[in-house]
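# Structural features, examined
The chain contents come next:
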Amino acid sequence: MKKIIRILPFFLFIVLLDRFFFLPGRMDATWEYEKGINMGNPITFDNIVIINNFVIQIQKTGELNECYLLGCYFGNLYLLNSQTLKYTKYVELDESTFMN
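For the structure given in this document, a descriptive report is provided here. Because the structure is predicted, anything quoted here is derived from the model rather than measured.

Procedures and definitions
- Residues numbered from 1 in each chain as written.
- Predicted model: local features only at pLDDT ≥ 70, side-chain atom pairs only at ≥ 80, totals over all residues.
- Heavy atoms only, no water.
- Helix = DSSP H or I, 4+ residues; strand = E, 2+ residues; numbered from the N terminus.
- Buried < 20%, exposed > 50% of the residue type's maximum accessible area, 1.4 Å probe, protein only.
- Contact = heavy atoms within 4.5 Å.
- Areas by Shrake-Rupley, 256 points an atom, 1.4 Å probe, with all protein chains shown as cover.
- Lys, Arg positive; Asp, Glu negative; His and termini not counted.
- Charge placed at Lys NZ, Arg CZ, Asp CG, Glu CD.
- Core = buried A, V, L, I, M, F, W, Y, C linked by side-chain atoms within 4.5 Å.
- Patch = residues over 30% accessible without salt bridge, like charges linked within 9 Å, V, L, I, M, F, W, Y side chains within 5 Å.
- Salt bridge = Lys/Arg side-chain N within 4 Å of Asp/Glu carboxyl O.
- Disulfide = S-S within 2.5 Å.
- Phe/Tyr/Trp six-rings, centres within 6.5 Å; stacked < 30°, edge-to-face > 60°.
- Pairing = 2+ DSSP bridges.
- Axes fitted to C-alpha atoms, helices over the stretch in contact; angles between N-to-C directions.

Before going further, it helps to spend a moment on the overall build of the protein chain. The number of helices and strands found in the protein chain is 2 helices and 7 strands. Seen in sequence order, the protein chain has helices and strands lined up from the N terminus as α-β-β-β-β-β-β-β-α. In terms of principal-axis extent, the alpha carbons of the protein chain reach across some 50 × 35 × 20 Å. Split into buried and exposed, the 100 residues of the protein chain put 32% on the buried side. In the protein chain, the share of contacts with a sequence separation of at least 24, taken over all contacts with a separation of at least 6, comes to 40%. As displayed, the protein chain has an accessible area near 6900 Å², and 61% of this comes from carbon and sulfur atoms. Separation of charge centres in the protein chain, based on 9 positive and 10 negative side chains, amounts to 18 Å.

Let us look at the nonpolar core. Counting residues in each nonpolar core, the largest one holds 15 residues, and the members touching the most others are I58, L77 and L79. Taken together, the elements giving at least two residues each to this core come down to β4 (55-60), β5 (63-73) and β6 (76-81). Ranked by residue count, the leading element in this core is β5, at 3 residues.

A grouping of I7, L8, F11, L12 and V15 is seen on the molecular surface, where their side chains present a nonpolar patch of about 460 Å² in accessible area. Examined against the element boundaries, F11 turns out to sit in helix α1 (residues 2-26).

Inspection of every chain in the model, using the stated rule, returns 0 disulfides. Free of any disulfide, C67 has its nearest neighbouring cysteine sulfur in C72, separated by 12 Å.

To continue, consider the packing of aromatic side chains. Counted under the stated rule, the structure contains 3 aromatic pairs. Relative to Y87, the ring of Y78 lies with its centre 6.1 Å away and its plane at 20°, an arrangement referred to as stacked. Judged by relative accessible area, Y87 falls into the partly exposed class, the value being 36%.

So, about the sheet that holds β5. Across the sheet, 7 strands lie side by side as β2-β1-β7-β6-β5-β4-β3; this open sheet has antiparallel pairing. The sheet terminates laterally at β2 (43-44) and β3 (48-50), the two strands that pair on one side only. Relative to β5, α1 is tilted by about 115°, and along the sheet it contacts β1 (30-35), β3 and β5.

Everything listed here is a matter of coordinates, which is why it stays silent on function.
Next comes the structure, spelled out in structure tokens:
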């Protein structure tokens, strides 16, 4: 148990460092809807406005969707709808597939 308590501050530091410095760079892609609430398909990083690193707005087809950014890991974008608290998953769209 003491070992876990010693590792916890380091783990939190890594998560926060990733969240504030590297997460926006990973989001710079084209995203295709997979499951959950559809906020437009596909969405690009140009459609996403990051408000405070935890809340984002997606402007698509005249609608403004606000949701919480859960993360962007291993080619998946995880969002939580701020009104319904329902989970949404988008997958990174390969540019060669998108252009064809």
